[in-house]
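Given next are the chains, with one letter for each unit.
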Amino acid sequence: MTYETGAMVRLARDVQVTGDGSAARGGLPGPLFLAEGLEGLVTHVAKETGGGASAAVQAALAEFDRTVRGSRFTGFTGHLVDDLRDRIARQDGSGAGGAAGAGARVTYRVRFVNGFVLDGIDEDALTRA
């Protein structure tokens with residue numbers, strides 16, 4: 001379901017925040033998670049070209065994120081973990097390096113009720129509030 005700017009949404013699952021303040025996809029996973037059920041207002045909608053990851057790759061990424069969730073990595077180790085996550089995402093060739101036009105995905109910027117603004121949230125992580 002696509003949400004328009006101004007729609008009230010709620011997180012359908014916990015969302016990990018990267019070091020640059022965006023939803024974890026390809027960035028360095030940070031120690032912060034926003035909890036399922038947190039409500040917010042959609043402030044921006046972006047359509048990204050390129051294929052999305054297959055269900056198997058998404059499952060592998062979710063398992064990877066659960067595994068490193070409680071860990072803080074800095075410096076070289078952080079870069080290794082980030083590189084490993086990117087390699088998992090590119091397993092089937094449809095991740096960050098996928099063919100342009102192979103599909104499109106919609107991401108959102110949401111301002112949550114606690115004041116936190118998160119960019120790059122996938123559509124499947126949101127539900128209507």
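Residues numbered from 1 in each chain as written. Predicted model: local features only at pLDDT ≥ 70, side-chain atom pairs only at ≥ 80, totals over all residues. Heavy atoms only, no water.

## Considerations on the packing of aromatic side chains
Okay, so step 1: Summed over all chains, the structure comprises one aromatic pair.
Okay, so step 2: Relative to Tyr108, the ring of Tyr3 has its centre 5.7 Å away and its plane inclined at 65°; by these criteria the two rings are edge-to-face. A residue pair is termed long-range when its members are at least 10 positions apart, and Tyr3 in the segment before strand 1 (8–11) and Tyr108 in strand 5 (residues 104–112) qualify at 105 residues. Comparing Tyr3 with Tyr108 shows no difference in burial state: the two are buried. (Phe/Tyr/Trp six-rings, centres within 6.5 Å; stacked < 30°, edge-to-face > 60°. Helix = DSSP H or I, 4+ residues; strand = E, 2+ residues; numbered from the N terminus. Buried < 20%, exposed > 50% of the residue type's maximum accessible area, 1.4 Å probe, protein only.)

## Re the packing of helix 1 (residues 55–68) against helix 2 (residues 75–89)
The geometry of a pair of packed helices is captured by two quantities: the angle between their axes and the separation between those axes.
Okay, so step 1: Here helix 1 crosses helix 2 at 160°, and the two axes come no closer than 9 Å. When the interaxial angle is binned, helix 1 and helix 2 end up roughly antiparallel. The hand of the helix 1/helix 2 crossing is right-handed. Contact residues: helix 1 offers Val57, Ala60, Leu61, Phe64, Asp65 and Val68, while helix 2 offers Val81, Leu84, Arg85, Ile88 and Ala89.
Okay, so step 2: For the contact of helix 1 with helix 2, the class distribution of residues is nine nonpolar, no polar and two charged. (Axes fitted to C-alpha atoms, helices over the stretch in contact; angles between N-to-C directions. Parallel < 35°, antiparallel > 145°, perpendicular 65-115°, else oblique. Left-handed = near helix turned anticlockwise from the far one by under 90°. Contact = heavy atoms within 4.5 Å. Nonpolar A, V, L, I, M, F, W, Y, C, P; charged D, E, K, R; others polar.)

## Observations regarding the confidence of the model for the protein
Okay, so step 1: Of all residues in the protein, 74% attain a pLDDT of 70 or more, and the chain-wide mean is 77.
Okay, so step 2: Considering each helix and strand of the protein separately, the mean pLDDT is smallest for strand 3 (residues 29–34), with a value of 74, and largest for strand 1, with 95.
Okay, so step 3: Contacts of residues 94–101 to residues separated by more than four positions or lying in other chains number 13 contacts, the stretch itself having pLDDT below 50. (pLDDT = per-residue confidence, 0-100.)

## Topic: the nonpolar core
Okay, so step 1: The biggest cluster of nonpolar side chains holds 17 residues, and the ones touching the most others in it are Val110, Phe112 and Leu126.
Okay, so step 2: Contributing elements (two or more residues each) for this core: strand 1, strand 2 (15–18), strand 5 and strand 6 (117–122).
Okay, so step 3: With four residues, the top contributor of residues to this core is strand 5.
Okay, so step 4: If you look at the next biggest cluster of nonpolar residues, it comprises seven residues, including Val57, Val81, Ile88 and Ala89. (Core = buried A, V, L, I, M, F, W, Y, C linked by side-chain atoms within 4.5 Å.)

## Here we look at helix 2
Okay, so step 1: Its 15 residues place the ends of helix 2 21 Å apart at the C-alpha level, agreeing with the 21 Å of an ideal helix rising 1.5 Å per residue.
Okay, so step 2: By the burial criterion, the buried members of helix 2 are Gly78, Val81, Asp82, Arg85, Ile88 and Ala89. Along the long axis of helix 2, the arc covered by the buried residues comes to 120°, so they all point the same way. What points out from helix 2, more than 90 degrees from its buried face, is the exposed set Phe76, His79 and Arg87. (Expected span 1.5 Å × (residues − 1). Arc of directions from axis to C-beta.)

## Some details on the pattern of salt bridges
Okay, so step 1: Scanning the entire structure with this criterion turns up four salt bridges.
Okay, so step 2: The salt bridge partner of Arg13 is Asp124, with a shortest N-O separation of 3.4 Å. Placement of the pair is Arg13 in the loop between strand 1 and strand 2 and Asp124 in the loop between strand 6 and strand 7 (126–128), with a sequence separation of 111 residues.
Okay, so step 3: Arg66 serves as the salt-bridge partner of Glu63, at 3.3 Å between the closest nitrogen and oxygen. With Glu63 and Arg66 both in helix 1 and three residues apart, this pair spans about one turn of that helix.
Okay, so step 4: For Glu63, a relative accessible area of 42% gives the class partly exposed. (Salt bridge = Lys/Arg side-chain N within 4 Å of Asp/Glu carboxyl O.)

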